[in-house]
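In case you want the letters, here they are:
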Amino acid sequence: MSDTSTLHARFSAVTRVFPAVGGQPPVHALGPLDLDLRRGEFFAVVGPSGCGKSTLLELLAGLSVPTQGQLLFEGRPVAGEVPDGIGVVFQEDASFPWLTVWDNVAFGLRQAGVDAAEVTRRVDHAIGFMGLADFARAHPAQLSGGMRQRVCIARTLVLQPRLILLDEPFGALDQQTRLLMGDELLRLWRETGATVLLITHALDEAAMLSDRVGVMSARPGRFIEVLTTGWPRERDSRIVSDPAFGQLTSRLWSLLREESLRAAGDRRSARA
Amino acid sequence: MTSALWIRFALVVGSVLLLEVLCRTGVIQPVTMIPPSRMASGLIGLFQNGKVYPPLVKTMGNVATAFVLSVGVGFLMGLLIHAFPRVRRALDPFLASYYAVPFFVFYPLLIVIFGMNDLPIVVIGFLFGVVAMLLNTLNGLDRVARVLLKTGRVLRMGRVRTALQIRLPAAAPYLLTGVKLSVAYSFIGVIASEFILSGAGLGYTIAYAFNNFDNLTMYSLMLLVLVIVVAINSVLHVWEQRMLRQRGLLRQG
């Protein structure tokens, strides 16, 4: 058990069961699951599709309520309300199409009632940081998918969250863009000192970015193993050529292969 | 201008010119129709002698009232019904078959209820417009991406703020479609009612001119109605196109 100064968030025997809907049986999506997130670490979660990765993130974000167990963020229970200090970036494009890039990034700050001068300062900084300065006056429709995701990341970043939750944020992007965005994410993580929880289905992404990788089982998801990568804090996408990176991804795959087959088998039998 | 615009422009100008020629050469008799140029000069005359103002003011007032009511009530009812899915499921067949009802048959009833004044006319204009607005409000709210609402929750926005700052702007293009239809339906409802049973307004004045073989006044006023409706619709159309283009929902050559 981690002591309270390094412990940032904790799942204690958390389960999530989605109640029966319209003749369908209830779905046991997650758990019982335990996880300690340490302050300032980069933690990735991988698992077969449908294993409850996103459910885990929604629980921690307060967007969903655990059926059983307890969830703590900075020592306080999380249940159904988004705690202060948490920022979330979703896989889908969550930029507001009616606002310019600048106004999109400023949106959350204005909601929080931050004064105009401070909004300008933080938004200009975040837009510069995310390489969006030339597009500040553009609307999201004029940008590529990768750029729109940067807008969403910048919008989260300006709120200075202490815990950033990312739900497959690069899932809709091509491989090259993913690698570059990964580098940006590492830079952002180092600069902000925030704790990052990344949900991903890409093993190489998890292996490259994280301090620790949690491998989840097929549904109901729980952690089969948590691997420590041992990367230095100063790192970037070049570590993909490190032999240790290859060993790590093959270890991840050997852990996941069986679970993925099981998950696929479940889906096949459910369809039959 | 794109080629589509050119074709459209040529079509309108060509039709007007053709009518002009047909009327001037006597192919179309003056008792049937007068040349478009005379309609225009007749309309200018009506403005100069001031005869157009009382019916114009009356009709525009009624249309504006019917329009504002149908947009306001349609939007609020849309919001409300959207918030209660069960109520919505119950109402669905009524809403779907609403425009199958010929409202004008209720005119006698409306006169009994509201009396012989502008109110029955406004009510018919309102009845025509309100459900178009309601249906488009529902459609717009249905199309608000879930991830935007989740973003609102993450930003810890309350229900009212989310409605005003996320749902409303996200649904705006669809709401604007509702507004466009409501304008058109309010005009139809009001002017048609004035035709049937009214002692004032553009509809009444057109019908009166028709009964008195006053083709000049009749066609001039028809032209006026067309000009007004096209002008209002063009403004809304430009606004709508700009909104769609801004959101990348419009692919135009």
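For the structure, check the block above.
With that settled, the discussion passes to the overall build of chain B. Along its length, chain B carries 10 helices and zero strands. From first element to last, N terminus to C terminus, chain B shows the α and β order α-α-α-α-α-α-α-α-α-α. Seen through its principal axes, chain B has C-alpha atoms that stretch 70 × 55 × 30 Å. Among the 253 residues that make up chain B, the fraction classed as buried is 34%. A separation threshold of at least 6 residues defines the contact pool for chain B, and within that pool the share at least 24 residues apart is 74%.

The subject of this paragraph is the overall build of chain A. The helix and strand inventory of chain A stands at seven helices and 10 strands. Taken along the three principal axes of its C-alpha coordinates, chain A extends 55 × 45 × 45 Å. Counting across all 272 residues of chain A, residues that qualify as buried make up 43%. Contacts in chain A between residues at least 24 apart in sequence constitute 69% of all its contacts with a sequence separation of at least 6.

This next bit is on the packing of helix α7 (residues 146–154) of chain B against helix α8 (residues 159–196) of chain B. A packed helix pair is summarised by two numbers, namely the angle formed by the two axes and the spacing between the axes. Residues and elements named next belong to chain B. Two elements in contact, α7 and α8, have axes whose closest approach is 11 Å; the angle formed by their N-to-C orientations is 160°. It follows that α7 is roughly antiparallel to α8 by the angle criterion. Relative to α8, the crossing made by α7 is right-handed. On α8, the residues that touch Leu148, Leu149 and Gly152 of α7 are Thr162, Ile166 and Ala170. The residue inventory of the contact of α7 with α8, partitioned by class, reads four nonpolar, two polar and no charged.

Counting 127 residues, the largest nonpolar core has A:Val46, A:Leu60, A:Val105, A:Ala154, A:Leu165, A:Leu197 and A:Leu252 as its most contacted members. At 15 residues, the largest contribution of residues to this core is made by helix α6 (residues 118–142) of chain B. Split by domain, this core shows at least three residues from each of two domains, domain 1 (40–66 + 77–85 + 164–272) and domain 2 (95–160) of chain A. Filtering out sequence-adjacent residues up to four positions away, A:Val46 remains in contact with A:Thr200, A:His201, A:Leu203, A:Ala206, A:Val213, A:Val215, A:Met216, A:Leu252 and A:Leu256.

Across the boundary between the two partners, chain A contributes 14 residues, which contact 15 residues of chain B. Classifying every residue of the side of chain A that touches chain B gives 10 nonpolar, three polar and one charged.

Take the packing of helix α3 (residues 53–83) of chain B against helix α9 (residues 201–211) of chain B next. Residues and elements named next belong to chain B. Put simply, α3 and α9 touch, their axes get as near as 6 Å, and they point 135° apart. As the angle between them shows, α3 and α9 are arranged oblique. Judged by residue contacts, Pro55, Leu56, Lys58, Thr59 and Asn62 of α3 engage Gly201, Leu202, Gly203, Tyr204 and Thr205 from α9. Looking at the contact of α3 with α9 residue by residue, the class counts come to four nonpolar, five polar and one charged.

With that out of the way, let us pick up the sheet that holds strand β9 (residues 212–216) of chain A. All names here are of chain A. Taken in spatial order, the six strands line up as β6-β7-β8-β3-β9-β10 in an open sheet, and their pairing is mixed. With partners counted over all chains shown, the strands left at the sheet margins are β6 (86–89) and β10 (223–228), one partner each. Between one strand axis and the next, the sheet turns by 15° as a mean value, whatever way the strands run. Summarising the sheet, strand β7 (residues 163–167) and strand β8 (residues 195–199) pair through five bridges and their orientation is parallel. Counterpart to Leu166 in the pairing with β8 is Leu198. In this fold helix α4 (residues 145–157) packs onto β6 and β7, with an angle of close to 175° to the strand it touches most, β6.

The next point concerns helix α1 (residues 53–60) of chain A. Extensive coverage of α1(A) is indicated by the burial of eight of its eight residues. Of the residues flanking the end of α1(A), it is A:Gly62, one or two places downstream, whose phi is positive at about 80°.

Attention now moves to the sheet that holds strand β2 (residues 27–38) of chain A. All names here are of chain A. Taking strand neighbours across the sheet as the criterion, the four strands line up as β2-β1-β4-β5 in an open arrangement whose pairing is antiparallel. Of all the strands in the sheet, the pair left with one neighbour each is β2 and β5 (76–77). Bridge count between strand β1 (residues 7–18) and strand β4 (residues 68–73): five bridges; the pairing is antiparallel. Paired with Ser12 across the two strands is Gln70, which belongs to β4. The strands that α1 touches are β1, β2 and β4; relative to β1, the one it contacts most, it runs at about 120°.

Cut-offs applied
- Residues numbered from 1 in each chain as written.
- Chains lettered and ligands numbered in written order.
- Predicted model: local features only at pLDDT ≥ 70, side-chain atom pairs only at ≥ 80, totals over all residues.
- Helix = DSSP H or I, 4+ residues; strand = E, 2+ residues; numbered from the N terminus.
- Buried ≥ 20, exposed ≤ 12 C-beta atoms within 10 Å, placed from the backbone.
- Contact = placed C-beta atoms within 7 Å.
- Axes fitted to C-alpha atoms, helices over the stretch in contact; angles between N-to-C directions.
- Parallel < 35°, antiparallel > 145°, perpendicular 65-115°, else oblique.
- Left-handed = near helix turned anticlockwise from the far one by under 90°.
- Nonpolar A, V, L, I, M, F, W, Y, C, P; charged D, E, K, R; others polar.
- Core = buried A, V, L, I, M, F, W, Y, C linked by C-beta atoms within 7 Å.
- Domains from an automatic or database assignment.
- Pairing = 2+ DSSP bridges.

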